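Structural overview for review
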Amino acid sequence: MTEIVLGVGASHSTLMNTHWEQTLHKDRAERFRDALKAARDELAAARPDTVILVGSNHFRGFWLDLIPSFTIGVGECVASGESGTPKGPLPVDVPLARYIAGSLVEGGRFDAAFSARLQIDHGQSHAVQYLLDGLDVDLVPIVINVFAPPLPTLDRCERLGRAIREAVLAFPGNRRVAVIGSGGLSHRLPWPDWREPHGDDEEFMVGAWLDGRTNWQDYDVRRREIIRAAEAALNPEWDDEFLSLVERGETHRVTGLTTEDVEKTAGNGAQEIRTWLLMSALLDHAPGRRLAYEPMPEWLTGMAVAVLDPVHTEERQR
């Protein structure tokens, strides 16, 4: 029997790796890092065989020559290794990944893209680094397009999560499966709408996204300079409301928001809440526990960690 044993939502920031010593709010940073360690310990205690790792793409694994809304890694998976995150091949649960991809299509519910040679970036490898350190698990990587509009709707992401949940629970093998949603919360990146760039920096970014498939590293120095020059635009109140929904098992309520709603209120980086939403749907929206929330202007992001434990939820309900 295959079961889903734990869910984790966690923000990511490569500035944890590259600018830790320059971080001004060290107390906040350490609390967030400690929460990642606590979530990692809960993952270890849940003893998963496989982790479904849901994340975003920052134009180091996908480029504007081809941007699917949803992509499932069903073969090789390689981490790009930028900014001190893990680099190289990662283990994939190929039988489960291919079963999920096939079930979605054959069930007539989703025609998700798949990749037998997937490259991921820190949108997922940050979680590998901090949440899966030392754990002997295989992955099913799922990438959501959250930065190249038009984006999949929040409702579509939630529906995909529920469809994947059905596929996982129907898988004929024996698996203990955990799910990680990596990304968010509020933040605004100095990234243009690729359809209408303004100025040299935005033109450069769009060029990197379009032409960087074979030489993305060549663009990274200036990319980092542009990001480091950006001003933080956090919305802690919005973040708290979102985390309260996670705690109550009501994450699905965000499906009423549009892409424009999210960007206007919480920034273009907050589109990554799609990863939390898909994760939560895979856990059947079990109530979560907030382990940390820290507004980190130095990292441009509202940083949060939460855990969804279906076993303890069922015990409380009894």
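Values in this document were obtained by computation on a predicted structure and should not be read as measured data. (Residues numbered from 1 in each chain as written. Predicted model: local features only at pLDDT ≥ 70, side-chain atom pairs only at ≥ 80, totals over all residues. Heavy atoms only, no water.)

1. Points about the layout of surface pockets
A volume near 380 Å³ is recorded for the largest pocket. Lining the largest pocket are 18 residues, and of these Pro149, Asp193, Thr259, Glu263 and Asn268 sit closest to its centre. (1 Å grid on protein atoms, 1.4 Å probe; cavity = no way out; pocket = protein on both sides within 12 Å on 5 of 7 lines; lining within 4 Å. Points joined across faces, edges and corners; volume = space filled by probe spheres on them.)

2. As for the packing of aromatic side chains
Considering all chains together, one arrives at 11 aromatic pairs under this definition. When the ring of Phe242 is compared with that of Trp276, the centres are 5.7 Å apart and the planes differ by 70 degrees; the resulting orientation is edge-to-face. Within this pair, whereas Phe242 is found in helix H8 (residues 236–248), its partner Trp276 is found in helix H10 (residues 273–282), the two being separated by 34 residues in sequence. Grouping residues by exposure puts Phe242 and Trp276 together as buried. Three or more aromatic residues joined by ring pairs form one cluster here, namely Phe59, Phe147, Trp191 and Trp209. Sitting over the face of the ring of Phe204, Arg222 holds its NZ or CZ atom 4.4 Å from the ring centroid. (Phe/Tyr/Trp six-rings, centres within 6.5 Å; stacked < 30°, edge-to-face > 60°. Helix = DSSP H or I, 4+ residues; strand = E, 2+ residues; numbered from the N terminus. Buried < 20%, exposed > 50% of the residue type's maximum accessible area, 1.4 Å probe, protein only. Lys NZ or Arg CZ within 6 Å of the ring centre and 35° of its normal.)

3. Brief notes about empty space enclosed by the protein
By the definition in use, this model includes two cavities of 30 Å³ or more. Roughly 230 Å³ of internal volume is contained in the largest cavity. In terms of lining residues, the largest cavity is bounded by 20 residues, among which Ser13, Thr14, His122, Leu189 and Ile227 are the most central. No other element matches helix H7 (residues 220–228), which puts three residues into the lining of the largest cavity. Here the residues of the lining of the largest cavity sort into seven nonpolar, eight polar and five charged. Roughly 40 Å³ of internal volume is contained in the second largest cavity. (Nonpolar A, V, L, I, M, F, W, Y, C, P; charged D, E, K, R; others polar.)

4. Concerning unusual backbone geometry
Residues Pro149 and Pro150 are joined by a peptide bond in cis, for which omega reads 10 degrees. A cis amide bond links Gly184 to the next residue, Leu185, at an omega of 5 degrees. With respect to the helices, strands and loops of the structure, Leu185 is situated in the loop between strand S7 (175–182) and helix H6 (199–211). At Phe59, a position not held by glycine, the phi torsion is positive, near 60 degrees. The topology assignment puts Phe59 in the loop between strand S2 (50–56) and strand S3 (70–80). Even without glycine at this site, Asp284 takes up a positive phi of about 55 degrees. By secondary structure assignment, the location of Asp284 is in the loop between H10 and strand S8 (288–296).

5. Quick notes on the pairing of S7
Consecutive side chains along a regular strand alternate between the two faces of the sheet. Summarising burial for S7: eight of the eight residues are buried, a large majority. Of the two faces of S7, the one carrying Arg175, Val177, Val179 and Gly181 and the one carrying Arg176, Ala178, Ile180 and Ser182 are both buried. Bridge analysis of strand S1 (residues 2–10) against S7 gives eight bridges, and the strand direction is parallel. Among the inter-strand pairings, Ile4 is bridged to a residue of S7, identified as Val177. Here five bridges tie S2 to S7, and the two strands are oriented parallel to one another. What sits directly across from Val51, in S7, is Ala178. (Pairing = 2+ DSSP bridges.)

6. A short note on helix H2 (residues 26–46)
An ideal rise of 1.5 Å per residue puts 30 Å on 21 residues; H2 measures up with 30 Å between its terminal C-alpha atoms. Residues of H2 that are buried: Ala29, Phe32, Ala35, Leu36, Ala39, Leu43 and Ala46. Take H2 and look down its axis: the buried residues cluster within an arc of 120 degrees, on one side only. Looking at the packing, one finds that the buried side of H2 touches S1, helix H1 (15–18), helix H4 (122–131), S7, S8 and strand S9 (301–308). Two residues or fewer after H2 comes Arg47, characterised by a positive phi angle close to 55 degrees. (Expected span 1.5 Å × (residues − 1). Arc of directions from axis to C-beta. Contact = heavy atoms within 4.5 Å.)

7. Quick look at the environment of Ala39
Mapped onto the fold, Ala39 is located in helix H2. A C-alpha to C-alpha distance of 9.5 Å links Ala39 and Leu132, two positions 93 residues apart in sequence. Excluding residues within four positions of it along the chain, Ala39 makes contact with Val8, Leu131, Leu291, Val305 and Val307.

8. Overview of the state of the cysteines
As enumerated under the stated definition, the model contains zero disulfides in all. The thiol sulfur of Cys157 is not disulfide-bonded, and the nearest other cysteine sulfur, from Cys77, lies at 19 Å. (Disulfide = S-S within 2.5 Å.)

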